[in-house]
Amino acid sequence: MIESLLVANRGEIARRIIRTARRLGVRAIAVHSEADAGLPFVTEADEAVCVGPANPAQSYRNVEAILAAAKSTGAQAIHPGYGFLSENADFARTVEASGLIWIGPGADAITAMGDKINARNLMAAAGVPVAPGTTEPAADLDAAVVAAAEVGYPVMVKAAAGGGGMGMGVATDEAALRIEYDKVRSFAERMFGDGSVLIERYFPRVRHVEVQILGLADGRVVALGERECSVQRRNQKLVEESPSPAVSPELRERFLAAAVRAGEAVNYRNAGTVECLLDPSTQEFFFLEMNTRLQVEHPVTELVYGVDLVEEQLRVAAGLAPSFDPDVLAPRGHAIELRINAEDPKRFLPGPGVIKTWVEPAGEGVRVDSGYVEGNTVTPFYDSLMAKLIVSGATRAEAIERARAAVAAFELAGPKCNLPFFAELLENEEFLSGDYDTGIVSRMR
């Protein structure tokens, strides 16, 4: 096993990675910005290094500072978590060129799946279903208009280099397309340094279902079930559950087989997620993108499949066999994750501030992965995620009951908080039925 690990991230995911590292006897090293010096992930690490001011470009995305911290602390490996540098192929190459172990897929796989058009074409060639759309970037607005007419309205206008629900717009006709194309292209150039745009069929009623894959050290790719991620605001997830209430055993078999083919097509190693759109009326699903990193929602898979995905990531990177039998994988029970954000529960606008009260729920089937404690400050410099409340039960109904109790017991004051939204969702008939789609939040609002 790896002996020392630098975690190139912050907040709850850094704390969660450190927890597994310490359980395995791996020395855990944190890097942090000046703004995060008092957070739990810093104090719980075996060693911590400040890598710059609050601005992520000068700290958590500062490659030179992170590599210098790794060198000064004698780190053997780097885990990037999610966000920041986690899907930066150049960073992965630099880490390995520095003689360090990269906890993630190879740089070639990150590159292959980082461009949405290239990824679509690769998946189509591998026999993974893809939605109707362009096979190359729309060079200009006129090309986009032609492509949209061929695909058929409504269409999704997407940044080819985007991800995380960012850089997307929906056009129902040519007039809307002309507006959305310019908006998406401008956003993509500003955020991703690449203004390439693709056109894809838009499905008005659709579910967002993803599959957790793990590329093993021996070259095999295995799938650890699916996650339902359709409760979203602004194309970004708020709730995830596993198994999906929309997926039958026959559909699950198709989903998992397609995800394994996707991983095999790029010689995938380590943890990754194949995201798909599911048309509930036809039971057809289409490849959306592959996230070449650990997902925010990985805990629901851990609870349903009885694995620690961070441990498995470390084992793969060290060339070790998994701790579980890949030939005997089956879900047990049900798990739901609620993302506790510092945001207004009605309009979902950020509301940072000092945490005056923080009392986490506990009990059977309740897990909290948090990045803060009472007295900490949620600053405006980073994502609004404060904690993940994950509940599990023998059935979906039991998991929902535990989620209701846990939300009611979570005492949080200071920053704005979306806990009231979850209390509302957990009584919503559409959600309770399991027959919901990505429009559920907009219908609630």
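Shown above is the structure to which this text applies.
Residues numbered from 1 in each chain as written. Predicted model: local features only at pLDDT ≥ 70, side-chain atom pairs only at ≥ 80, totals over all residues. Heavy atoms only, no water.

Draft legend 1. Layout of unusual backbone geometry. Geometrically, the link from Tyr153 to Pro154 is a cis peptide bond, its omega value of 0° lying close to zero. Locating Pro154 in the fold gives a position in the loop between α7 (141–151) and β6 (155–159). The amide bond that connects Ser242 to the next residue, Pro243, takes the cis arrangement and shows omega of -5°. Even without a glycine there, the phi angle at Asn270 is positive, about 80°. If you trace the backbone, Asn270 turns up in strand β12 (residues 270–279). Backbone geometry places Gln283, a non-glycine residue, at a positive phi of 65°. (Helix = DSSP H or I, 4+ residues; strand = E, 2+ residues; numbered from the N terminus.)

Draft legend 2. Just helix α12 (residues 396–409), in detail. With 14 residues, α12 extends 20 Å between its outermost C-alpha atoms, agreeing within 8% with the 20 Å of an ideal straight helix rising 1.5 Å per residue. Packed against the buried residues of α12 are β11 (236–242), β14 (334–341), β17 (366–370), β19 (385–393), α13 (419–425) and α14 (429–433). (Expected span 1.5 Å × (residues − 1). Contact = heavy atoms within 4.5 Å.)

Draft legend 3. Representation of the environment of Val373. If you trace the backbone, Val373 turns up in the loop between β17 and β18 (377–378). Judged by relative accessible area, which is 33%, Val373 ranks as partly exposed. Distance from Val373 to Glu312, taken between C-alpha atoms, is 28 Å for residues 61 residues apart in sequence. When residues no more than four places from it in sequence are discounted, the contact partners of Val373 are Arg15, Pro40, Ile355 and Trp358. (Buried < 20%, exposed > 50% of the residue type's maximum accessible area, 1.4 Å probe, protein only.)

Draft legend 4. Structural context of the nonpolar core. Grouped together as the largest cluster of nonpolar side chains are 75 residues, with contacts concentrated most on Val231 and Ile340. For this core, the element with the most residues is β19, which contributes six residues. Once you skip the residues sitting within four places of it in the chain, Ile340 turns out to touch Ser384, Leu385, Met386, Ala387, Leu389, Phe410, Leu412, Cys417, Asn418, Leu419 and Phe422. Among the nonpolar cores identified, the runner-up in size contains 28 residues, and Ala109, Met123, Ala223 and Ala262 belong to it. (Core = buried A, V, L, I, M, F, W, Y, C linked by side-chain atoms within 4.5 Å.)

Draft legend 5. Region of interest: the sheet that holds β19. As summarised here, the arrangement of the eight strands in space is β13-β12-β9-β10-β11-β14-β19-β17, forming an open sheet in which the pairing is antiparallel. Every interior strand has two partners, whereas the edge strands, β13 (284–291) and β17, have only one. Here the strands of the sheet are splayed against their neighbours by 25° on average, with no regard to which way each runs. Sheet topology note: the β12/β13 ladder contains seven bridges and is antiparallel. Counterpart to Glu275 in the pairing with β13 is Glu289. Where helix α1 (residues 11–23) meets the sheet, it contacts β17 and β19, and its direction lies at approximately 115° from that of β17. Relative to the sheet, α12 contacts β11, β14, β17 and β19, its axis offset from that of β19 by approximately 140°. (Pairing = 2+ DSSP bridges. Axes fitted to C-alpha atoms, helices over the stretch in contact; angles between N-to-C directions.)

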